[in-house]
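# Observations on the model geometry
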Amino acid sequence: RRLLAYYSDRGEHAKAISMHEILLGLTENDEERLATYIEIARLYEEELAELENAATYLAKAILIASDRQDLREHFEALVEATQLYQLLYDVYVELLGRDNVDDSIKLALHRQVARVCQDHLSKDQEAIKSWEACLCANDQDVEAIDALSALYEAVGHWDSLLYVLDRKLSLTEDEDEEKALCFKRAELLLTQLDRRDDAESTYEHILELDNSNADALSGLKGIYEVSENWDKMASVLRRELDLMPED
């Protein structure tokens, strides 16, 4: 400890870190280890400008004190600065597997894991699992809904994609967005799920919002042509005629 004080006073930070590491090997007290990991991380970041090493030691600290939001936020900022996304994934997945981590903390960890898996690690299935955990905790989580929409479409989980589209439809208050989501819903029902009746009702809903919507009328005509429902086809054609301007 006297050597540690000596090197610290002289500003020999690399040697001070070496002394801290020796002391780590001599204690099993979590509070002491936590404080030491945080101090080593500080030295690497503030004195030596070695951000990757700083992130590594903050990761060790978080494994002891996962409830410290300040540590997690600092660690996540360092991960962004250094692109050590795999490190964040490894640490947070380990914490998610522990029974003694609070559920509210696990939810925050799932969100970070989902983001890095989707945006940086190309781990779509892991991202889906974590986003689903977020959506399970809050079925109005717009970030999770949007992320899952993209992921389900990418991996071809069509029934799940329909579910999150319907969740988003239930939340939107913007009519233009509602129509856009309905068109996507109808296309999904037709092209991937072979549910023409549900697609038909979706196009009809669009027409309830906008009774002159040509694309919705065209969608209905396509359904009736395939199903050879000429009575309904005639009804749509009459609606189109009614919408045409008079000479």
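Attention here is on the structure that accompanies the text.

What counts, and where the lines are drawn
- Residues numbered from 1 in each chain as written.
- Predicted model: local features only at pLDDT ≥ 70, side-chain atom pairs only at ≥ 80, totals over all residues.
- Heavy atoms only, no water.
- Core = buried A, V, L, I, M, F, W, Y, C linked by side-chain atoms within 4.5 Å.
- Buried < 20%, exposed > 50% of the residue type's maximum accessible area, 1.4 Å probe, protein only.
- Contact = heavy atoms within 4.5 Å.
- Phe/Tyr/Trp six-rings, centres within 6.5 Å; stacked < 30°, edge-to-face > 60°.
- Lys NZ or Arg CZ within 6 Å of the ring centre and 35° of its normal.
- Helix = DSSP H or I, 4+ residues; strand = E, 2+ residues; numbered from the N terminus.
- Expected span 1.5 Å × (residues − 1).
- Polar contact = N/O pair within 3.5 Å; in protein donor to acceptor, adjacent residues only side chain to side chain.
- Salt bridge = Lys/Arg side-chain N within 4 Å of Asp/Glu carboxyl O.
- Lys, Arg positive; Asp, Glu negative; His and termini not counted.

### Quick look at the nonpolar core
Residues Phe75, Tyr92 and Trp131 are the most contacted members of the largest nonpolar core, which totals 68 residues. Ignoring any residue separated from it by four or fewer positions in sequence, one finds phenylalanine 75 in contact with Ala55, Leu58, Ala59, Ile62, Leu87, Leu88 and Tyr92.

### Brief notes about the packing of aromatic side chains
Using the criterion set out here, one finds five aromatic pairs in the structure. Taken together, Tyr37, Tyr44 and Tyr57 form an aromatic cluster joined through their ring pairs. Its end group placed over the ring of tyrosine 57, lysine 60 keeps NZ or CZ at 5.7 Å from the ring centre. Lying over the aromatic face of tyrosine 89, lysine 123 brings its terminal NZ or CZ to 4.9 Å of the ring centre.

### Things to note about helix H11 (residues 175-191)
Spanning 17 residues, H11 covers 24 Å between terminal C-alpha atoms, matching the ideal 24 Å at 1.5 Å per step. For H11, every residue scored as buried is listed here: Glu178, Lys179, Leu181, Cys182, Arg185, Ala186, Leu188 and Leu189. Along its buried surface, H11 packs onto helix H10 (158-171) and helix H12 (196-209). Between the side-chain oxygen of the N-cap and the backbone nitrogen of aspartate 176 there are 3.2 Å, and the N-cap of H11 in question is aspartate 174.

### Examining the pattern of salt bridges
The tally for this structure, following the rule as stated, stands at 22 salt bridges. As a salt-bridge pair, glutamate 46 and arginine 42 come within 3.2 Å of each other at their nearest N and O atoms. With glutamate 46 and arginine 42 both in helix H3 (residues 30-47) and four residues apart, the pair spans about one turn of that helix. Classification of glutamate 46 by relative accessible area gives exposed; the value is 53%.

### Here we look at the side chain of glutamate 200
Looking at the element boundaries, glutamate 200 is found in helix H12. The class of glutamate 200 is buried, set by a relative accessible area of 15%. Reaching out from glutamate 200, the side chain makes a polar contact with the side chain of lysine 232 at a distance of 2.9 Å. Among residues more than four places away in sequence, those in contact with glutamate 200 are Leu220, Ile223, Tyr224 and Lys232.

### Quick look at the side chain of arginine 72
Residue position: arginine 72 is located in helix H5 (residues 69-82). Glutamate 76 is the oppositely charged side chain nearest to the buried, salt-bridge-free arginine 72, at an N-O distance of 4.8 Å. Only 2.6 Å separates the side chain of arginine 72 from the backbone oxygen of serine 66, close enough to count as a polar contact. Once residues lying within four places of it in the same chain are set aside, the contact partners of arginine 72 are Ile62, Ser66, Asp67, Tyr92, Ile105, Ala108 and Leu109.

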